[in-house]
Amino acid sequence: MFSLARSKIFLPLLAAGFLHAHAFDNSRSDNLVVYYGQNSYGATQSTRAGQSSLSAYCQDDTINAIPIAFVHDFFSTGGLPALDMSSTCSVSSNGALPGTALPNCQFLADDIQTCQRKGKIITLSLGGATGSTSFNSDSQAVQFADTIWNVFLGGSSSTRPFGTAVLDGIDLDIETGDSTHYAAFVNRLRSHTGKANKKYHLTAAPQCVYPDAHVGTVLDAVPFDAVYVQFYNNWCGLQNYGNNNAWNYDTWDRWAKNSANKNVKIYIGAPASPTAAGSGYVDAATLGRIAKETRSKYSSFGGVMLWDASQAYANGRFDKQIKTAMGTGPYFRRSVDNSTIEARSDRFTKIASRDSS
């Protein structure tokens, strides 16, 4: 049996932090992303109960990334965006920062920083099912990127809804309009993040129908770190897994291999309970099997995304169930020419060469 005390190699690695398995690592294939902020479960209850504090969802190692939802209006009062987090933080409950439609959520700074110290990434999701999320020009998109950088990320502003907390990136959950001028927004944002001393993540959450009607253009134009494909509320959803005429993860995998970032990760987005979506809910055992089968076939697989935290906790900690059910998988780094694949897991490292495909 392996003995930690007898290993002269293992201990220095442990001391150096190489085995801190719970810190977010985008190259893995077993990450769990769970949206927070909209209290989706509470919206189905007369009491509006259901959503806990942000830090409550960071108390164990289950969730790896939490997008905060949503900035739903890009140009609201004072030319600044509008943010609403349902029962957690809103203008009606917490008041607005002067001259804006941004709620005063500065009490969340400690929660955000607590989650980050535990190795989670906390990002900001733009869009949602309703809202005003379009640009009329590249210059307006560039202006908005500057605003997002200064108000939520590593820039500086007297108007910061989360106070001193610096979020870890931006998620595009654009479900209205199209992505005209979004490439200018992303490129400007990356010009800021590329000079920063911390890693920022750019993700998107398209519908499973390909190409996505709202973010398809920007997905093709600029590099993303991960894409949380919503395999629900559509004919290509999880309810049709195994149906070659409907289930289309392979289409998204082909897109990933030919996208601006060949190492982009594709997540299976799923409802966290039967009340979280109109269709696409499957139990944790089924979703875990689907995740394992997908991981075994596609190096683009990054893990599972759930909508949302309130639904997962109300459904018997569905987040924990699926984290266990999908198991721990290797992570893959593919070279640009696809000739070399580095596969890693918690127990081994293996480098192999193969023909390009």
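Predicted model, so just to flag it, every value in this text is computed and none were measured. (Residues numbered from 1 in each chain as written. Predicted model: local features only at pLDDT ≥ 70, side-chain atom pairs only at ≥ 80, totals over all residues. Heavy atoms only, no water.)

Q: Can you walk me through the side chain of Asp73 in this structure?
A: Its location among the elements puts Asp73 in strand 2 (residues 65-73). Reaching out from Asp73, the side chain makes a polar contact with the backbone nitrogen of Phe75 at a distance of 3.2 Å. Once you skip the residues sitting within four places of it in the chain, Asp73 turns out to touch Pro81, Ala82 and Ser132. (Helix = DSSP H or I, 4+ residues; strand = E, 2+ residues; numbered from the N terminus. Polar contact = N/O pair within 3.5 Å; in protein donor to acceptor, adjacent residues only side chain to side chain. Contact = heavy atoms within 4.5 Å.)

Q: Even after reading the chapter, I still don't get the layout of surface pockets, so can you show me in this structure?
A: Take a probe with the size of a water molecule and roll it over the atoms, and the empty space left behind shows itself. As a volume, the second largest pocket reaches approximately 350 Å³. Forming the boundary of the second largest pocket are 20 residues, of which Phe70, Gly128, Ala129, Glu175 and Trp307 lie nearest the centre. Broken down by secondary-structure element, the contributors of at least two residues to the lining of the second largest pocket are strand 2, strand 4 (121-128) and strand 9 (301-307). Looking at side-chain class alone, the lining of the second largest pocket contains nine nonpolar, eight polar and three charged residues. (1 Å grid on protein atoms, 1.4 Å probe; cavity = no way out; pocket = protein on both sides within 12 Å on 5 of 7 lines; lining within 4 Å. Points joined across faces, edges and corners; volume = space filled by probe spheres on them. Nonpolar A, V, L, I, M, F, W, Y, C, P; charged D, E, K, R; others polar.)

Q: Help me understand the packing of aromatic side chains in this model?
A: What characterises a pair of aromatic rings is the spacing of the ring centres plus the angle enclosed by the ring planes. Applying the stated criterion to the full structure yields 26 aromatic pairs. Judged by centre distance (6.3 Å) and plane angle (75°), the ring pair of Phe75 and Phe135 falls under edge-to-face. Placement of the pair is Phe75 in the loop between strand 2 and strand 3 (82-83) and Phe135 in the loop between strand 4 and helix 4 (138-152), with a sequence separation of 60 residues. Of the residues examined, Phe75 reaches a relative accessible area of 26% and is grouped as partly exposed. Measuring from centroid to centroid gives 5.6 Å for Phe135 and Phe144, while their planes differ by 50°, and the two rings are tilted. Using a relative accessible area of 7% as the deciding quantity, one classes Phe135 as buried. In this structure, Lys198 is placed above the aromatic ring of Tyr200, and the distance from its NZ or CZ to the ring centre is 5.1 Å. (Phe/Tyr/Trp six-rings, centres within 6.5 Å; stacked < 30°, edge-to-face > 60°. Buried < 20%, exposed > 50% of the residue type's maximum accessible area, 1.4 Å probe, protein only. Lys NZ or Arg CZ within 6 Å of the ring centre and 35° of its normal.)

Q: Can you help me understand helix 7 (residues 249-257) in this one?
A: Along an α-helix, residues three or four apart share an orientation, since each turn contains 3.6 residues. With seven of its nine residues buried, helix 7 lies for the most part within the structure. Three or more residues of helix 7 are buried, namely Tyr249, Thr251, Trp252, Asp253, Trp255, Ala256 and Lys257.

Q: What exactly am I supposed to notice about the environment of Glu293 here?
A: By secondary structure assignment, the location of Glu293 is in helix 8 (residues 284-297). Glu293 sits in the partly exposed class, given a relative accessible area of 30%. When the C-alpha positions of Glu293 and Met326 are compared, they lie 9.4 Å apart, and in sequence the two are 33 residues distant. Within the local environment of Glu293, its side chain forms a polar contact with the side chain of Tyr241, the two groups lying 2.5 Å apart.

Q: I would appreciate a short explanation of helix 5 (residues 182-193) in the present structure.
A: Compared with the 16 Å implied by 1.5 Å per residue over 12 residues, the 16 Å span of helix 5 between its first and last C-alpha is a close match. Residues Tyr182, Ala184, Phe185, Val186, Leu189, His192 and Thr193 constitute the buried set of helix 5. Considering only its buried residues, helix 5 is in contact with strand 4, helix 4, strand 5 (169-174), strand 6 (201-204) and helix 6 (216-221). (Expected span 1.5 Å × (residues − 1).)

Q: So what exactly am I meant to see when it comes to the packing of helix 8 against helix 10 (residues 318-326) here?
A: Axes are the key here: two packed helices are described by the angle between their axes and the distance separating the axes. The geometry of helix 8 relative to helix 10 is characterised by a closest axis approach of 8 Å and an angle of 40° between their N-to-C directions. Relative to helix 10, helix 8 is oriented oblique. Relative to helix 10, the crossing made by helix 8 is right-handed. Contact residues: helix 8 offers Ala284, Leu287, Gly288, Ala291, Lys292 and Arg295, while helix 10 offers Phe318, Gln321, Ile322, Ala325 and Met326. Residue classes in the contact of helix 8 with helix 10 are distributed as seven nonpolar, two polar and two charged. (Axes fitted to C-alpha atoms, helices over the stretch in contact; angles between N-to-C directions. Parallel < 35°, antiparallel > 145°, perpendicular 65-115°, else oblique. Left-handed = near helix turned anticlockwise from the far one by under 90°.)

Q: What should I look at first to understand the pairing of strand 7 (residues 226-230) in this one?
A: Sheet faces and side chains relate simply in a regular strand, where the side chains alternate between the two faces. Taken across its five residues, strand 7 has five buried, putting it largely inside the fold. Here strand 7 shows a buried face lined by Ala226, Tyr228 and Gln230 and a second buried face lined by Val227 and Val229. When strand 6 meets strand 7, the two strands line up parallel, connected through two bridges. If you follow Thr203 over to strand 7, its bridge partner there is Ala226. As for the winding sense of the linkage, the β-α-β connection from strand 6 through helix 6 to strand 7 is right-handed. Judged from the five bridges that link them, strand 7 and strand 8 (residues 265-271) form a sheet pairing that is parallel. By the bridge assignment for strand 8, Val227 is matched with Ile266. (Pairing = 2+ DSSP bridges. Right-handed = clockwise from strand over helix to strand, strands pointing away.)

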